[in-house]
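Each chain is listed here by its residues.
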Amino acid sequence: MIRFEQVGKRYANGHVGLHELSFRVRRGEFLFVTGHSGAGKSTLLRLLLAMERPTTGKLLLAGQDLATISNAQIPFLRRQIGVVFQNHQLLFDRTVFNNVALPLQILGLSKAEIVKRVDSALERVALSDKTDLFPGDLSTGQQQRVGIARAIVHRPALLLADEPTGNLDPRLAAEIMGVFEDINRLGTSVLIASHDLALIARMRHRMLTLQRGRLIGDGEAGV
Amino acid sequence: MSATRSPKVSERVAPKPADPQPPKKKRDEDDGPDFATLLHAWIESHRASLVDSLRRLGKQPIGSFFTCLVMAVALSLPMGLSLLLNNVERLGGSWQRAAQISLYLNLDASSKDGEALRDEIKNIPGVAEAEYISRDQALEEFQQQSGLGEALKELPQNPLPGVVLVTPNEVDKPALEALRQKLAEMPKVQQAQLDLVWVERLAAILKLGDRFVFGLTVLLVSALLLVIGNTIRLHIENRRTEIEVIKLVGGTDSYVRRPFLYMGALYGLGAGVLSWGVLAFGLDWLNDAVVGLAGLYGSDFALAGVPVADGLSLLLGAVLLGYIGAWIAVARHLRELAPK
């Protein structure tokens, strides 16, 4: 699914985001990437979303080399990925339904199909009764769940989440992680960048540990 | 890798031969959309972009109106000048007397000869009117106009020839020259004189006017592109987050660009309609004064309004300018809007 081969990322100002990172993620795997602030978690996610390109090495996502992918292909690559942000990145002038429907509208699905899939995604995150509300009417936890529904509504093969529980209390954080596990059980690969080690330890999934752009650990969390 | 699942294995296998009429394979709900669905979705996407753009313009009616008004003024100035020039050209066409051909007859040509010549000339194609002025009439007019009445009476004989004034159908220099040649070769004609000075002056003024209108059009179209570009830039800034999210969830540049292009075209349409209205009203308002002035010169000249074809061209041009302005603005700013 994902293959990092000696991937390095050096920025124009000389800062090195990643040092020769190598690891693989299998299809359907659940994986945490952890590390302190500045460890390279966000850089790793940005590379996977083709927001940046590696400066060295080879990064393959579903067989596509993200170092050489053309700009025109990037939107189509991103349609295979779902993204959940710490700050939700919801559109506050659109209803919950329209926020979740956005990836499907971009895919060009029919209205009926969009309604069906949005309903299904909102049901999965237990927000079926909130379709006509605006994000501003929801709690932080509910907003995060809307963000998750939007990330999974187009049935991506890979779900990326950047500190998805960063703003949530422990109970809500555990609830959100439960949603991710449900999604993973349906076959979607899940990669979560988080520094909440206590939460990660409880979940017992594979964990990559980064430090100053280097991979210093790869094993099951809590072991 | 695909965002959609493959058809189930059970659906891919052929039906059993024993089945008398195998049921048609039902499309898996997760199959990719077919062409008709994609086409419908594409149309739906355009419709949604158009409705969304209309909704956003409608949310700021005063701001949208003033943007359209500024564009309308920029469109009306060159278009209005061009319409006025067209009217002046039309007026020039009606001033055929400015291109009259004067036929000076031989001194021995009698009044009968002159009248016969006038009647003959009237039947020549390209001639609208012919008027004969006899030698006596010419002398009388000259005496009145020159103030030399007493002195002319001292002359032993009338020195002025009879004249036939020929008014052509249209003011076209080569055609007039050909007509002059033809008239000069007629019997009893000593000299045929074509006075094109006024025609040439008018043509020069119109040419200058055309150039001025062209220059003004280029200038104001540039200003209009800047106005629409700046307006669209503000819309883009207001929707920065939305654009970033759209790009992150797989929206292509054309998907991002679409609502702004519709918005530009709608601004253009609004400006075109306003401009047409302003010009129609303005010409109608001017017409009263023009009709009064023309009446003083014995003319029934009146300004023509905005011809429908010109109005439609104005609308189309305005929509295109709005579209192009928006396209330039979006192209410039789209690269800056990479997701952060």
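That block above? That's the structure.
Residues numbered from 1 in each chain as written. Chains lettered and ligands numbered in written order. Predicted model: local features only at pLDDT ≥ 70, side-chain atom pairs only at ≥ 80, totals over all residues. Heavy atoms only, no water.

### Some details on the interface of chain B and chain A
The line we're drawing: In this description, contact between two residues means that some pair of their heavy atoms is separated by no more than 4.5 Å. Here the quantity called buried area is the accessible surface, traced with a 1.4 Å probe, that two parts lose on coming together, added over both. What counts as a salt bridge is simple: a side-chain nitrogen of Lys or Arg found within 4 Å of a carboxyl oxygen of Asp or Glu. Polar contact criterion, stated in full: a pair of N or O atoms within 3.5 Å, where within protein one must be able to donate a hydrogen and the other to accept it, and residues adjacent in sequence count only if both atoms are side-chain atoms. In DSSP terms, a helix is any run of H or I states spanning at least four residues, a strand is any run of E spanning at least two, and both are numbered starting from the N terminus. Each residue is assigned to one class: nonpolar for Ala, Val, Leu, Ile, Met, Phe, Trp, Tyr, Cys and Pro, charged for Asp, Glu, Lys and Arg, and polar for all the others, Gly among them.
Across the boundary between the two partners, chain B contributes 24 residues, which contact 32 residues of chain A. Each partner contributes to the roughly 2,500 Å² buried at the junction of chain B and chain A, and carbon and sulfur atoms together form 59% of this total. One can count 2 salt bridges joining chain B with chain A. Residues Asp93 of chain A and Arg56 of chain B are paired through a salt bridge, measuring 3.9 Å at the closest nitrogen-oxygen approach. Linking chain B with chain A are 3 residue pairs in polar contact (both at pLDDT 80 or more), by the criterion used here. Among the elements of the structure, α2 (35-59) and α9 (240-248) of chain B are those that each provide at least two residues to the side of chain B that touches chain A. Broken down by element, the residue count for the side of chain B that touches chain A peaks at 6 residues, all from α9 of chain B. A breakdown of the residues in the side of chain B that touches chain A according to their chemical character gives 10 nonpolar, 6 polar and 8 charged.

### Looking at the packing of helix α3 (residues 96-107) of chain A against helix α4 (residues 111-124) of chain A
Residues and elements named next belong to chain A. Threshold: Structural elements are reduced to axes, namely lines fitted to C-alpha atoms, with helices fitted over the stretch in contact, and the angle between N-to-C directions of any two is expressed from 0 to 180 degrees. When an angle is under 35 degrees it counts as roughly parallel; over 145 it counts as roughly antiparallel; between 65 and 115 it counts as roughly perpendicular; any other value is oblique. Two helices crossing with the near one rotated counterclockwise from the far one by less than a right angle form a left-handed crossing, whereas a clockwise rotation gives a right-handed crossing.
Direction vectors running N to C along α3 and α4 enclose 120°, while the axes themselves pass 9 Å from each other. Considering their axes alone, α3 and α4 lie oblique with respect to each other. Between α3 and α4 lies a crossing of right-handed hand. Within the contact between the two elements, α3 uses Val96, Phe97, Val100, Ala101, Leu104 and Gln105 and α4 uses Ile114, Val115, Arg117, Val118, Asp119, Ala121 and Leu122.

### Regarding the packing of aromatic side chains
To be explicit about the condition: Working definition: rings of Phe, Tyr and Trp (its six-membered ring) pair if their centres are within 6.5 Å, and the pair is stacked with planes under 30 degrees apart, edge-to-face with planes over 60 apart, and tilted otherwise. Exposure is judged per residue with a 1.4 Å probe applied to protein chains only, and the accessible area is read against the type maximum: over 50% gives exposed, under 20% gives buried, and values in between give partly exposed. The rule for a charge over a ring is simple: NZ of Lys or CZ of Arg within 6 Å of the ring centre, and within 35 degrees of the ring normal.
Within the structure shown, the criterion is met by 3 aromatic pairs over all chains. Geometrically, the ring pair formed by Phe65 of chain B and Phe66 of chain B is edge-to-face, given 5.6 Å between the ring centres and 75° between the ring planes. A relative accessible area of 39% places Phe65 of chain B in the partly exposed class. A residue is classified by how much of its surface remains accessible, and Phe66 of chain B, at 48% relative accessible area, is partly exposed. Above the plane of the ring of Tyr11 of chain A lies Lys9 of chain A, whose end atom (NZ or CZ) is 5.2 Å from the centre.

### Quick word on helix α6 (residues 170-185) of chain A
Residues and elements named next belong to chain A. Using the following cut-off: Every helix has an expected span of 1.5 Å times one less than the residues it contains. Within this analysis, the arc is defined by the directions that extend from the helix axis to the C-beta atoms.
Compared with the 22 Å implied by 1.5 Å per residue over 16 residues, the 23 Å span of α6 between its first and last C-alpha is a close match. Listed as buried for α6 are Leu172, Ala173, Ile176, Met177, Val179, Phe180, Ile183 and Asn184. Looking straight down α6, one finds that the buried residues subtend no more than 150° of arc, so they occupy a single side. Exposed side of α6, more than 90 degrees from the buried face: Pro170, Arg171 and Arg185 are the residues found there. Following α6 by one or two positions, Gly187 adopts a phi angle in the positive range, close to 110°.

### Regarding the nonpolar core
Note the following rule: Buried Ala, Val, Leu, Ile, Met, Phe, Trp, Tyr and Cys residues that are joined via side-chain atoms within 4.5 Å together make up what is termed a nonpolar core.
Grouped together as the largest cluster of nonpolar side chains are 43 residues, with contacts concentrated most on Leu102 of chain A together with Leu75, Ile232, Ile236 and Tyr267 of chain B. Mapped onto this core, the elements with two or more residues apiece are α3 of chain A together with α3 (61-94), α8 (197-238), α9, α10 (253-296) and α11 (308-334) of chain B. With 11 residues, the single largest contributor to this core is α10 of chain B. Those residues in contact with Ile236 of chain B, other than ones at most four positions away along the chain, are Ile243, Phe260, Ala329, Val330, His333 and Leu337 of chain B. In this structure, Ala121, Leu138, Leu159 and Ala221 of chain A belong to the second largest nonpolar core, which totals 40 residues.

All quantities given are derived from atomic positions and should not be read as evidence of function.
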